[in-house]
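Secondary and tertiary structure notes
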Amino acid sequence: MSGKLTGRIASTPARLLHDEVLEPQFQYEVEYLLPAYIQIELAMLLEYVRMGLITRQDALEIAKALQAAERGTVAPDPGRNMSDISFALERHVESLLSRPVPRWHIDRSRNDVQACAQVMFGRSQWLETADELGQLIRSIHRLAVRYRSVPMPGYTHYQSAQIITPGFYLSSINGEFVQTMTRWMHIYDEMNQCPLGAGAMAGLELPWNRQRLSKLLGFRQPRMSALAAVASREWVLRIAGELSTFSVLVSRFTTDLIQWGSSEMNFLHLPDDLSGISSAMPQKRNFPILERIRGKSAHLSAFYMDMVLGQRNTAFTNLVETSKEAGTHLLALFQQTRTLLRLLKTVTDHLQFNEERMLSICKRDFFGGFTLANQLTLEQGIPYRTAQVIAGRYIAAALEHGVSPNPGDARLLQEACAEAGFYVPDTARLLASSFDVLASLYGKKSTGSTHPEEVQQMLAAQMEQAERLELERQEREAQLLAVEARRERLLKGLLFNKKGKGVGLGAV
């Protein structure tokens, strides 16, 4: 009887179930969640000692056995442990004990242990992903600073519209990324609640100190409801949903880079080792890395939908469907996101803008039409909508006659004004000031504009916020590392002092 795990089922898992489901799940958890399971066991071991259920000598022996648990020593076995990692770890420890410890694992459930291990894994992955985002933010910042004063055509509705700078564009993108990082830190804090002590769904019968368990494992607090602790996997959806939203921004950013890198625009350059060729057309120089980034961004939304559908219409309780199947691709989601971030950072680290080409288009197109209409109203008192009509008629006439924006044709502007019933002197000066590239760039007065000084202020504010967020991320990472360090002390035999009081994993 002592070798059995249950009296309810007489046979072991079917071979098909083991090979197709249980063993792959087991190997995944051993590879990525085993350290969390061991930390959980050590924390609960301290509680057993505190409650007077396990002696110091037995606890030290259990701790030593847990120390020996690693990949290779904990293996799936349908007959011995039902190919379940919790059972396997339990069997592993029992096999190394000099005598049975009857009260070890009393008043326990796999449900809250599993939920706790998953959150511990998820939060570590989330911080690692946030680190990659922080590096991308710093890379884009450096690129934006470099090009904050370089004129560039800006587009609306895929038509050239106004003069901006690469720095202005990049500062706008980076501002979105900084906001993203802010949300990521908030999600981390929300998810960092400890399910341990919730039991199967209704709580436990012994006086477990859940606050202490929470601190021992690096959580900010216990999950309040025992049911929610084992039933909810909303943190998975929050992460996946946030990454899906993030992927949309990445795809839009990359779309602009792809267009700017086209042979027609020729706004940007990447080095040879980030470029590609055509096997049939030797004149071509492609940028497949940008296509890879945009293509990979689609996977993030696909993973999100997979996880949503995996949880949708399931009962709000502990279920294998939600706890395991719905999170099948969680690791892939994190890995794909980090690959995406590293690729994009590599692009921004090496990206160069073709300043001459961008300036030539700024001089070629009639970007000063907006300024001309404003000046006609401010200086000549022409009603603004009429001024807009005059500016539009002038530009149409200039294009028809092959006139360049600067110096323009003062006569054509006078004719457009006269047609609207206005006499405007010194139209040559109006045209020169309205269609001057640098004047257009530096003429913006509103905050958040493309004016290089405004861009500089935006970049400074963004970097200040990004550095603050990076410190927050590092603090959370340090908290987890401190827990790991305390775990190492425990595994080295420092679980208890001479009085039998817990010192391993931190006294709380």
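Notes on the structure in this doc start here. From a predicted model like this one, the values you see are computed outputs, not experimental measurements. (Residues numbered from 1 in each chain as written. Predicted model: local features only at pLDDT ≥ 70, side-chain atom pairs only at ≥ 80, totals over all residues. Heavy atoms only, no water.)

1. Some points on the overall build of the protein chain
Along the backbone of the protein chain there are 20 helices and six strands. Taking 508 residues into account, the globule formula puts the C-alpha radius of gyration at 23 Å, and the protein chain, at 32 Å, lies well above it. For the protein chain, the spread of C-alpha atoms along the principal axes amounts to about 105 × 55 × 40 Å. The proportion of buried residues among the 508 residues of the protein chain is 50%. Considering only intrachain contacts with a sequence separation of at least 6, the fraction spanning at least 24 residues in the protein chain is 75%. (Helix = DSSP H or I, 4+ residues; strand = E, 2+ residues; numbered from the N terminus. Rg over C-alpha atoms; globule rule 2.2 N^0.38 Å. Buried < 20%, exposed > 50% of the residue type's maximum accessible area, 1.4 Å probe, protein only. Contact = heavy atoms within 4.5 Å.)

2. Overview of unusual backbone geometry
Of the consecutive residues asparagine 406 and proline 407, the connecting peptide bond is found in the cis state with omega at 20 degrees. Structurally, the position occupied by proline 407 is in the loop between helix H16 (384–400) and helix H17 (410–419). The phi dihedral of methionine 82 falls on the positive side, at around 55 degrees, and the residue is not glycine. Inspection of the secondary structure assignment puts methionine 82 in the loop between helix H4 (78–81) and helix H5 (85–96). The backbone of asparagine 313 shows a phi angle near 65 degrees, a positive value even though the residue is not glycine. As for its placement among the helices and strands, asparagine 313 is situated in the loop between helix H11 (288–311) and helix H12 (320–323).

3. Details of the pattern of salt bridges
The tally for this structure, following the rule as stated, stands at 26 salt bridges. Here glutamate 470 makes a salt bridge to arginine 473, at a shortest N to O gap of 2.8 Å. With a gap of three residues between them, glutamate 470 and arginine 473 both fall in helix H20 (residues 452–491), about one helical turn apart. What makes glutamate 470 buried here is its relative accessible area of 12%. The buried category is assigned to arginine 473, whose relative accessible area is 3%. Of the charged contacts in the structure, one is a salt bridge between arginine 476 and glutamate 472, with a shortest N-O distance of 4.0 Å. Of this pair, arginine 476 and glutamate 472 both sit in helix H20, separated by four residues, roughly a single helical turn. Given a relative accessible area of 25%, glutamate 472 falls into the partly exposed group. Counted as one network, the salt bridges with shared partners bring together Asp131, Glu470, Arg473 and Glu477. (Salt bridge = Lys/Arg side-chain N within 4 Å of Asp/Glu carboxyl O.)

4. Let's talk about the pairing of strand S1 (residues 152–156)
As paired elements, S1 and strand S2 (residues 159–164) share five bridges and run antiparallel to each other. Considered in S2, the bridge of methionine 152 is made with isoleucine 164. (Pairing = 2+ DSSP bridges.)

5. Some thoughts on the environment of glycine 203
Secondary-structure assignment places glycine 203 in the loop between strand S3 (193–194) and helix H8 (210–216). Taking the relative accessible area as the measure of exposure, glycine 203 reaches 31% and is therefore partly exposed. Between the C-alpha atom of glycine 203 and that of aspartate 107, which follows or precedes it by 96 residues, the distance is 9.7 Å. With residues near it in sequence (within four places) discarded, glycine 203 still touches Gly197, Ala198 and Ala226.

6. Quick notes on the packing of aromatic side chains
Evaluated as defined, the whole model comprises 15 aromatic pairs. Ring plane angle 65 degrees and centroid distance 5.0 Å describe the contact between tyrosine 48 and tryptophan 208, whose orientation is recorded as edge-to-face. Of this pair, tyrosine 48 sits in helix H2 (residues 34–50) while tryptophan 208 sits in the loop between S3 and H8, placing them 160 residues apart in sequence. For the pair shown, tyrosine 48 and tryptophan 208 are each scored as buried. Taken together through their ring pairs, the aromatic side chains of Trp126, Tyr147, Tyr169, Phe177, Trp184, Phe246, Phe253, Trp260, Phe334 and Phe353 make up a single cluster. Taking the ring centre of phenylalanine 219 as reference, the NZ or CZ of arginine 123 above it sits at 4.3 Å. (Phe/Tyr/Trp six-rings, centres within 6.5 Å; stacked < 30°, edge-to-face > 60°. Lys NZ or Arg CZ within 6 Å of the ring centre and 35° of its normal.)

7. Here's the deal with helix H3 (residues 56–67)
Between the first and last C-alpha of H3 there are 16 Å, a value that for twelve residues agrees with the 16 Å anticipated at 1.5 Å per step. Regarding H3, the residues found buried are Asp58, Ala59, Ile62, Ala63, Ala65 and Leu66. With its buried residues spanning 160 degrees around the axis, H3 presents them on a single face. The exposed residues of H3 that point more than 90 degrees off its buried face are Gln57 and Lys64. (Expected span 1.5 Å × (residues − 1). Arc of directions from axis to C-beta.)

8. Some details on the packing of helix H10 (residues 234–260) against helix H13 (residues 330–350)
Their axes nearest at 11 Å, the elements H10 and H13 cross at an angle of 30 degrees. In this view, H10 runs roughly parallel relative to H13, as classed from their interaxial angle. You can see that H10 and H13 cross each other, and the crossing is left-handed. Residues Trp235, Val236, Ile239, Ala240, Leu243, Phe246, Val250, Phe253 and Leu257 of H10 form the contact with H13, whose participating residues are Leu330, Leu333, Phe334, Thr337, Leu340, Leu341, Leu344, Val347 and Thr348. When grouped by side-chain class, the residues that make up the contact of H10 with H13 number 16 nonpolar, two polar and no charged. (Axes fitted to C-alpha atoms, helices over the stretch in contact; angles between N-to-C directions. Parallel < 35°, antiparallel > 145°, perpendicular 65-115°, else oblique. Left-handed = near helix turned anticlockwise from the far one by under 90°. Nonpolar A, V, L, I, M, F, W, Y, C, P; charged D, E, K, R; others polar.)

9. Observations concerning H16
An ideal rise of 1.5 Å per residue puts 24 Å on 17 residues; H16 measures up with 24 Å between its terminal C-alpha atoms. Three or more residues of H16 are buried, namely Ala387, Ile390, Ala391, Tyr394, Ile395, Ala397 and Ala398. Relative to the axis of H16, the buried residues are bounded by an arc of 165 degrees and lie together on one face. Exposed and oriented more than 90 degrees from the buried face of H16 are Arg385, Leu399 and Glu400. Among the structural elements, helix H15 (369–380), H17 and helix H18 (427–434) are those in contact with the buried residues of H16. With its phi angle positive at about 70 degrees, glycine 402 sits one or two positions after the end of H16.

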